[in-house]
Amino acid sequence: MFSQINLKDITSIAIKAGKNVLEIYNKDFKISYKDDNSPLSEADIISNEIIYKELVKFNIPILSEENKTIPYEERKNWEYFWCIDPIDGTKEFINKNGEFTINIALICKDTPVLGVVYAPALDLLYSAKKGEGAFKNGIKLPLQRNDDFYKIVASKSHLNEQTKDFIDNIPTTKQKEFISMGSSLKLCLVASNEADIYPRLAPTMEWDVAAADAIVREVGKMTYDFYTKKPLVYNKENLLNPYFIVE
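Here goes a summary of the coordinates provided. (Residues numbered from 1 in each chain as written. Predicted model: local features only at pLDDT ≥ 70, side-chain atom pairs only at ≥ 80, totals over all residues. Heavy atoms only, no water.)

## Let's talk about the pattern of salt bridges
Close approach of charged atoms lets side chains of opposite charge pair. Applied cut-off: Any carboxyl oxygen of Asp or Glu within 4 Å of a side-chain nitrogen of Lys or Arg constitutes a salt bridge here. Working definition: with a 1.4 Å probe on protein chains only, accessible area under 20% of the residue-type maximum means buried, over 50% means exposed, and in between means partly exposed. Each helix corresponds to a stretch of at least 4 residues labelled H or I by DSSP, and each strand to a stretch of at least 2 residues labelled E; elements are numbered beginning at the N terminus.
Applying the stated criterion across every chain, the model contains 12 salt bridges. The salt bridge partner of E132 is K129, with a shortest N-O separation of 3.5 Å. Classification of E132 by relative accessible area gives partly exposed; the value is 46%. A salt bridge links E177 to K151; the nearest nitrogen and oxygen atoms lie 4.0 Å apart. Of this pair, E177 sits in strand β11 (residues 175-181) while K151 is found in strand β10 (residues 149-155), placing the two residues 26 residues apart along the sequence. Among the residues examined, E177 registers a relative accessible area of 29% and is labelled partly exposed. Three or more residues joined by partner-sharing salt bridges are found here, namely R145, D147, K151, E177 and D196.

## Here we look at the sheet that holds strand β12 (residues 198-200)
For clarity, the cut-off: Strand pairing is assigned whenever DSSP detects at least two bridges linking the two strands. Axis definition: a line fitted to C-alpha atoms, limited for helices to the stretch in contact. Angles are taken between N-to-C directions and run from 0 to 180 degrees.
Overall, antiparallel pairing links the 3 strands, which are arranged β12-β14-β13 in an open sheet. With one partner strand each, in any of the chains shown, β12 and β13 (223-225) form the two edges of the open sheet. Looking at each pair of strands side by side, their axes are set apart by 20° on average, direction ignored. When β12 meets strand β14 (residues 244-246), the two strands line up antiparallel, connected through 3 bridges. Along β14, the bridge assignment pairs R200 with F244.

## A short note on the packing of helix α1 (residues 7-25) against helix α2 (residues 42-55)
Under the convention used in this document: When describing relative orientation, an angle under 35 degrees is termed roughly parallel and one over 145 degrees roughly antiparallel, while 65 to 115 degrees is termed roughly perpendicular and anything else oblique. By definition, any crossing whose near helix is turned counterclockwise from its far helix by less than a right angle is left-handed, and any crossing with a clockwise turn is right-handed. Contact between two residues is taken to exist if any of their heavy atoms lie within 4.5 Å; hydrogens are not considered. Here the term charged refers only to Asp, Glu, Lys and Arg, the term nonpolar to Ala, Val, Leu, Ile, Met, Phe, Trp, Tyr, Cys and Pro, and the term polar to all other amino acids, Gly among them.
Following both chains from N to C, one finds α1 and α2 inclined at 155°, their axes separated by 9 Å at the closest point. Judged by the angle between their axes, α1 and α2 are roughly antiparallel. For the element pair α1 and α2, the recorded crossing hand is right-handed. Mapping the contact onto sequence places I10, I13, K16, A17, N20, V21 and I24 in α1 and E42, A43, I46, S47, I50, I51, E54 and L55 in α2. Broken down by class, the residue content of the contact of α1 with α2 amounts to 10 nonpolar, 2 polar and 3 charged.

Structure representation (structure tokens):
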């Protein structure tokens, strides 16, 4: 099954969703709120519909932020499933800073093996399939870097005291440089070698990071549990991620 899935087909789905999302992004749009008070825009709904319509053709189960109520008793037997976030960084979308992404991941049991992260407003497309390499806009990752900085990427809206303390205590002889970025682009910056580390000591859900994590792993880096130092696992009974580090 996995060998028959073409990465280009999945990137095409993300690009199609992105095109429709941008049309909404570039005009005034309606915002509603979910039960947890997180914002939901027209773009989330349209992106979700487009991705779903295309992915159901593969006859593989789909788990998404907009479809998270599938019972664990059903999910735990899945060999493969799609894990999608139709728009990661809704706050970035609403604030119109461009740093939002469309995320499509394929998970094998508990491990991401394919990922597409598309930031349509920035024209950035990250993608990877296990064994076939990782790419940024078609360029093979990781990128070469010629600087003497230790680059730390973190969330604009989740820079808490624990994260600041972790950053202050990172052992390095290089000068630290801080990069503030929204959405799953933070993981992608580490995957591409444009940043050295991303500490996430705040809550996230599986669909927030699955696609970018596939890209991180394909370049030989890792997203690991802050406490156990073990790689993140997916399709857990509780879909909340532990605090994690990407490097």
